[in-house]
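Working through the structure, step by step
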Amino acid sequence: MRDAVIIEAPSVLGLRPSGVEELAGALLGAGLAEGLGAVSAGRVEPPAYDPVRDPATGVLNPAGIAAYSVTLADAVGGVLDAGRFPVVLGGDCSILLGNLLALRRRGRPGLLFLDGHTDFYQPAAEPAGEVASMELALATGRGPDVLADLEGRRPLVRDEDVVALGFRDGEESAAAGMQPLPPALHAMDLGTVRAMGAAGAAEHAMALLRDTAYWVHVDADVLDDAVMPAVDYRLPDGLTWAELETVLRTALTGPGAVGFDVTIFNPRLDPDGSIAAALTASLLRAFGTRD
C-alpha cells in the first residue's frame, strides 16, 4: 500500500471550464481518500482562464499553464521529498506538465501514459489550441518554448522513457494532421493491448520503464465509452474496468512508480454520481485497497 497524499489540481487552462475542474470533489466525495488511507496536501488553484487563443504560440493560456506547472511541481515535489506518493486529481491533462516537472527537477523520469488519445498535437493542428491535446508533445520537448522548455529543462521526459498505452485515436489524429509519434517513444495502442492481453501489455510496459522512476498518468477517456461516457471528447471502444485495473495494479506495484494522476472525468456528465463511484472503486482496486 502506497503512503498516498492527495493534491487537488482543478486546472482547466488546457481545455475549458466544462466540468472537469470538479473531478477531485466527485472522487473524494465517493471515498477515494478514505479508501487509500490518504491525507491531503491541499488544492493548487489555477490562474484565471482566458478563452482567447494566444497569437504568438497558437495555444490557450500558455503563460497561465507555465506558471501553474511550476506551482504544481512545487506541491508534488514537497510530497516526493517527504518520501510519500502523490496522487494528483485534475483537472485537464495539462496538469501532467507540472507533475513531470517535479520529477525532472530530481532526475530523468519515465512516464506511463494511459489515454484514449495520444495528445501529440502541434498548435497548428489543434483546432481550439487546447494544451490538453498537446501535453505529451510538450512534455517531450516539442512545441512553444514557454511550455516545452519549462525552467530550461527540455524535455521533461525523453521519448524513449515514455510508454503510451491504450490509445485509439489513430485515424482521427492522422486526419487532423497531428505530428506522428516519434519512433523512440513506445506506443501500444488499444489493438496492441488487446493482442497482448492487459497483463502482458502491462508487464511489457514495466520492462520498458525498468530503469526509470516513472509517473503514471490516467485520462479517464482511456476507458471504454460504454462505461465512461462522462468525458468531453468521446471515442468508441476503450479499456474495460478490469483491463485498466490490471495495467494500473502492475504499474503501481512496480518499484519505479513515484506518482499518479487522473484527469478529464467530468462530473457534470454524471448527474447521479454512479460513474464517479465506479471510477473510485476501480482506482481503489488498482491500488490494492479493495477486492
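For the structure itself, look to the data block above.
Structural notes, computed from the coordinates. Starting afresh in each chain, residues are numbered from 1 along the sequence in its written order. The predicted nature of this model means local features are confined to residues of pLDDT at least 70 and side-chain atom pairs, given and counted, to a pLDDT of 80 or more, with totals for whole chains, interfaces and linings taken over all residues. The basis for every side-chain value is the complete set of heavy atoms in the structure, and neither hydrogens nor water enter the calculation.

To continue, consider the overall build of the protein. A count of helices and strands for the protein gives 11 helices and eight strands. On C-alpha atoms alone, the protein measures out to a radius of gyration of 17 Å, which is about the 19 Å that the 2.2 N^0.38 rule sets for 291 residues. Across its three principal axes, the protein shows a C-alpha extent of roughly 50 × 40 × 40 Å. Under the scheme applied here, a residue whose accessible area is under 20% of the maximum for its type counts as buried, over 50% as exposed, and between as partly exposed, the area being computed with a 1.4 Å probe on protein chains only. Expressed as a percentage of the 291 residues in the protein, the buried residues total 59%. Contacts are residue-level and defined by heavy atoms, with any inter-residue pair within 4.5 Å sufficient. Here the analysis covers contacts within the protein between residues at least 6 apart in sequence; of these, 77% occur between residues at least 24 apart. Values of accessible area rely on a 1.4 Å probe in the Shrake-Rupley scheme; residue burial ignores everything except the protein chains shown. Per element, the accessible surface of the protein, about 10400 Å² overall, is 54% carbon and sulfur. Charge counting follows a simple rule: Lys and Arg are positive, Asp and Glu are negative, and His as well as the terminal groups are ignored. Note on charges: their place is set at NZ of Lys, CZ of Arg, CG of Asp or CD of Glu. Positive and negative side-chain charges in the protein, numbering 21 and 40 respectively, have mean positions lying 5 Å apart. Numbering goes from the N terminus for both helices and strands, where a helix is a DSSP run of H or I of at least four residues and a strand is a run of E of at least two. The globule rule is 2.2 Å times the number of residues to the power 0.38, and the radius of gyration it is compared with is taken over C-alpha atoms.

Our focus in this paragraph is the pairing of strand S5 (residues 162-165). Here S5 shows no split at all, with Val-162 and Ala-164 on one side and Val-163 and Leu-165 on the other all buried. Strand pairing requires that DSSP identify at least two bridges connecting the strands. Direction of pairing for strand S4 (residues 109-114) relative to S5: parallel, over a ladder of four bridges. The partner of Leu-114 across the bridge, within S5, is Leu-165. For S5 and strand S6 (residues 186-188), the ladder comprises three bridges, and the chain directions are parallel. Its bridge partner being in S6, Ala-164 is matched across the sheet by Ala-187.

With respect to the helices and strands, Gly-19 occurs in the loop between strand S1 (4-8) and helix H1 (23-29). Relative accessible area serves as the criterion here: at 0%, Gly-19 is assigned to the buried category. Distance from Gly-19 to Asn-266, taken between C-alpha atoms, is 5.2 Å for residues 247 residues apart in sequence. Contacts of Gly-19, omitting those with residues within four sequence positions, involve Asn-266, Pro-267 and Arg-268.

To continue, consider the packing of aromatic side chains. Each Phe, Tyr or Trp ring, with Trp reduced to its six-membered ring, pairs with another whose centre is within 6.5 Å; inter-plane angles below 30 degrees give stacked pairs, above 60 give edge-to-face pairs, and intermediate values give tilted ones. Evaluation of the coordinates by the stated rule reveals two aromatic pairs. Here the aromatic rings of Phe-260 and Phe-287 are separated by 5.4 Å at their centres, their planes lie at 85 degrees, and the arrangement is edge-to-face. You can see Phe-260 sitting in strand S8 (residues 257-263) and its partner Phe-287 sitting in the segment after helix H11 (274-286), a full 27 residues away along the chain. As far as burial versus exposure is concerned, Phe-260 and Phe-287 are alike and both buried. In this structure an aromatic cluster arises from ring pairing among Phe-85, Phe-260 and Phe-287.

Of the consecutive residues Gly-90 and Gly-91, the connecting peptide bond is found in the cis state with omega at 0 degrees. Of note, Gly-91 is situated in the loop between strand S3 (85-89) and helix H4 (95-104). The linkage connecting Arg-154 with the following residue, Pro-155, adopts the cis geometry, with an omega of -15 degrees. Within the fold, Pro-155 resides in the loop between helix H6 (145-148) and S5. In this structure, Asp-119 is a non-glycine residue whose phi angle is positive, near 50 degrees.

Of all hydrophobic cores here, the largest spans 59 residues; its most connected members are Leu-27, Leu-112, Leu-165, Met-228, Leu-248, Phe-260 and Phe-265. With residues up to four places along the chain from it excluded, the contact list for Leu-165 reads Leu-112, Phe-113, Leu-114, Asp-115, Met-188, Val-193, Ala-201, Ala-205, Val-222 and Val-247. By nonpolar core we mean a set of buried residues, namely Ala, Val, Leu, Ile, Met, Phe, Trp, Tyr and Cys, connected to one another through side-chain atoms within 4.5 Å. One finds Phe-120, Leu-136, Leu-138 and Val-157 within the second-largest nonpolar core, a separate group that totals 44 residues.

To continue, consider helix H10 (residues 241-252). Count 3.6 residues to each turn of an α-helix, and residues three or four apart come out pointing the same way. Between its first and last C-alpha atoms H10 spans 16 Å; for 12 residues at 1.5 Å apiece the expected length is 16 Å, and the two agree. Of all 12 residues in H10, nine are buried, a share of seventy percent or more. Taken as a whole, H10 has its buried residues at Trp-241, Glu-243, Leu-244, Glu-245, Val-247, Leu-248, Thr-250, Ala-251 and Leu-252. The span expected for a helix works out to 1.5 Å for each residue beyond the first.

The subject of this paragraph is the environment of Leu-112. Structurally, Leu-112 can be placed in strand S4. Taking the relative accessible area as the measure of exposure, Leu-112 reaches 1% and is therefore buried. A C-alpha to C-alpha distance of 15 Å links Leu-112 and Glu-243, two positions 131 residues apart in sequence.

Such coordinate-based values are descriptive only and should not be taken to indicate function.
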